Amino acid sequence: MKALYVKLAAWTMAVLLLAGLGGSYRIPGLDISQNAAGVPSAETADSVLDPENSASQTTGTDKTEDASSGPSSSPTTPQNSLTAGTQGQNGTTTSDTLGTLTGGSDSSSVPSGSGSTTGNVASSGKPSNAGEPTNGTSTGSTSRPTTVGSTTKPTTQTTTMPTVSVPAPTVPGKIVVGYYTGWSAYKGYTPAKVPAAYLSHLNYAFAKIDPKTKKIALADPAQDRNNFAAIRQLKQSHPHLKTLISVGGWDYSAYFSDVAASAAGREAFAQSCVAFILEHGFDGVDIDWEYPVSGGLAGNSNRPQDKQNFTLLLQAIRGKLDQQEKKDGRTYYLTIAGAANTSYLSKIEPQAVAGIVDYIFVMAYDMHGPWDRYADLNAPLYTPSEASPQYKNSVYDGILAYRNKGVPAKKLVLGMPFYGYLYQGVSNTNGGLYSRFTSAKAVSYDTVKNSYLGKAAYTQHRHSSAQVPYLSGGQIFLSYEDPVSIAAKASLAKSLGLGGIGAWELSHDTSNSL
């Protein structure tokens with residue numbers, strides 16, 4: 001991220017930081033002062049979607065029925081699909097050289113407990129997405145039709161990188177979140193390499209729950225303690241940085257439902273969170289329960305009462321943090337990570353939750369992935385305008401779903417992916433977009449940049465309505481983010497008056513190109 005501000009690709013966090021200043025920041029081809037797709041501003045966002053009718057099916061970022069001033073979609077999301085956006089020890093799914101989606105190391109260098117591959121699809125350490133009809137275990141079909149979906153081709157264009165001026169590194173008051181994963185250190189991306197000057201909050205992923213004591217516990221004790229010491233040193237040189245311990249994620253959400261089911265369980269867990277942050281020098285707790293009521297990793301405990309119990313759990317944690325604030329005069333933070341769709345929102349109490357937490361990190365990615373039948377876009381900013389053979393969704397729809405459930409814009413942080421999905425065995429039709437595929441996996445932006453971009457065998461495209469890039473060639477379709485698409489997402493965050501932006505996760509971009 002540090003290089004965001006000193007290199008050609010310097011957009012990611014910088015744009016939102018600048019966006020927070022008001023006024024416009026012009027970059028060739030994009031005016032940050034307004035929504036690039038004519039989407040309503042924060043003042044009119046509430047009226048764009050009807051809270052009831054926007055539910056559509058489930059998962060994905062469950063689509064809006066109609067947005068008069070913005071994009072519309074008519075998804076056909078599978079009823080049994082999961083929610084969009086998840087975070088786990090494997091990142092999203094294992095990748096070629098990053099078995100844990102950490103951007104370089106294979107699974108052999110990761111502590112035990114990391115996700116494993118299933119079939120042809122590397123089971124996403126975060127099968128994160130919306131519309132995962134088979135809980136993340138499905139693979140693309142080996143049969144590939146000569147045409148997929150509609151004969152209407154997506155509107156795309158070949159991409160060239162714009163030139164940008166160097167922005168200032170920080171803007172006080174804006175939330176800029178970066179997730180640092182404990183396993184990143186195994187491949188050499190230590191906390192010392194985190195671009196802390198450009199972050200307001202650093203979330204350490206993940207701690208787990210001890211099922212016997214119902215307390216927070218270290219996931220990888222030796223490495224975690226080393227990382228915590230390094231993070232404390234990082235804070236000494238960057239005193240503005242707030243650090244939170246993230247609990248759960250895709251791999252460690254098995255016992256949330258049990259903990260939240262009783263007052264005693266909630267009390268024990270909440271008190272243990274306070275003890276944990278005091279012992280290890282954190283400023284707060286980030287709850288990443290994947291997921292209440294249903295979904296998540298096979299074998300996770302869940303129950304219908306999770307919807308209300310989630311709120312009660314957060315109240316218990318907030319209460320203990322408030323008590324500690326009165327004792328030592330410090331400020332302690334409580335946040336959550338949530339999926340970007342109405343299916344997830346129907347399983348929590350959005351307004352109540354928003355009233356308790358400092359902000360919600362919206363996992364606005366994994367809209368599509370290896371669990372689907374067709375190659376598709378990981379995090380389309382807006383719903384693609386052309387016909388699709390499967391459900392549609394978008395980042396925009398996901399954010400408005402929260403707004404239409406009464407969540408204040410200032411409580412939302414737009415989460416963005418520093419990784420992409422590589423589909424193999426696709427057809428040449430439409431550059432592989434919406435094609436059947438034989439296998440798929442997640443790849444870090446490091447891998448995208450070093451192994452695919454600028455190579456003669458591959459052609460770069462930009463989907464004009466979805467405002468994201470993709471790459472094709474040699475029976476490969478690669479959906480990813482680049483500085484331009486990240487800037488467009490930051491522009492949306494500004495136009496809707498959101499509290500900030502964030503990224504999952506920092507080690508996917510070790511050169512700080514995004």
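Refer to the structure above for everything that follows.
What comes next concerns the included structure. In this text, all values refer to a predicted model and were calculated from it rather than measured experimentally.

A short note on the environment of Ile356
Along the chain, the position of Ile356 falls in helix 8 (residues 350-356). Residue contacts for Ile356: discarding those within four places in its chain leaves Thr311, Leu314, Gln315, Arg318 and Leu334.

A word on the pattern of salt bridges
Under the defined criterion, the tally for this structure stands at 10 salt bridges. For Lys235, the salt bridge goes to Asp283, with nearest N and O atoms at 2.7 Å. Of this pair, Lys235 sits in helix 3 (residues 221-237) while Asp283 sits in the loop between helix 5 (263-280) and strand 8 (284-288); the two residues are 48 residues apart in sequence, bridging distant segments of the chain. Note on accessibility: Lys235 and Asp283 belong to one class, buried. Here Arg318 and Asp322 are joined by a salt bridge, their closest N and O atoms 3.0 Å apart. Remark: Asp322 and Arg318 occur in helix 6 (residues 306-328); sequence separation between them is four residues, near one turn of the helix. One salt-bridge network, in which partners are shared between bridges, spans Arg318, Asp322, Glu325 and Asp358.

What about the packing of aromatic side chains?
Taken as a whole, this structure holds 22 aromatic pairs when the rule is applied. In this structure an aromatic cluster arises from ring pairing among Tyr180, Tyr189, Tyr204, Phe228, Phe276 and Phe282.

Structural notes on the packing of helix 3 against helix 5
The contact between helix 3 and helix 5 brings their axes to 10 Å, and the two run at 65°. Contact residues: helix 3 offers Arg225, Phe228 and Arg232, while helix 5 offers Phe276, Glu279 and His280. Classifying every residue of the contact of helix 3 with helix 5 gives two nonpolar, one polar and three charged.

A closer look at the side chain of Asp283
According to the relative accessible area criterion, Asp283 is buried, its value standing at 5%. Within the local environment of Asp283, its side chain forms a polar contact with the side chain of Arg330, the two groups lying 2.8 Å apart. Excluding residues within four positions of it along the chain, Asp283 makes contact with Lys235, Leu241, Lys242, Thr243, Arg330, Thr331, Tyr332 and Tyr333.

With respect to helix 9 (residues 395-404)
Burial of helix 9 is extensive: 10 of the 10 residues sit out of reach of the surface. Where helix 9 is concerned, the buried positions are Val395, Tyr396, Asp397, Gly398, Ile399, Leu400, Ala401, Tyr402, Arg403 and Asn404. Positive backbone phi, approximately 90°, marks Gly406, located one or two places after helix 9.

Things to note about unusual backbone geometry
Along the chain, Ala205 connects to Phe206 via a cis peptide bond; the corresponding omega equals 0°. Looking at where Phe206 falls in the secondary structure, it is placed in strand 5 (residues 201-210). The amide bond that connects Glu290 to the next residue, Tyr291, takes the cis arrangement and shows omega of 5°. If you trace the backbone, Tyr291 turns up in the loop between strand 8 and helix 6. Here the phi dihedral of Lys214 falls at roughly 60°; this positive angle occurs in a residue that is not glycine. With respect to the element layout, Lys214 can be found in the loop between strand 5 and strand 6 (215-218). Of note in this structure, Tyr434 is not a glycine but carries a positive phi near 70°.

A word on the side chain of Ser272
Mapped onto the elements, Ser272 comes out in helix 5. Look at Ser272 and you get buried, because its relative accessible area is 8%. Residues in contact with Ser272, not counting those within four places in the same chain, are Lys215 and Ile216.

Thresholds applied
- Residues numbered from 1 in each chain as written.
- Predicted model: local features only at pLDDT ≥ 70, side-chain atom pairs only at ≥ 80, totals over all residues.
- Heavy atoms only, no water.
- Helix = DSSP H or I, 4+ residues; strand = E, 2+ residues; numbered from the N terminus.
- Contact = heavy atoms within 4.5 Å.
- Salt bridge = Lys/Arg side-chain N within 4 Å of Asp/Glu carboxyl O.
- Buried < 20%, exposed > 50% of the residue type's maximum accessible area, 1.4 Å probe, protein only.
- Phe/Tyr/Trp six-rings, centres within 6.5 Å; stacked < 30°, edge-to-face > 60°.
- Axes fitted to C-alpha atoms, helices over the stretch in contact; angles between N-to-C directions.
- Nonpolar A, V, L, I, M, F, W, Y, C, P; charged D, E, K, R; others polar.
- Polar contact = N/O pair within 3.5 Å; in protein donor to acceptor, adjacent residues only side chain to side chain.

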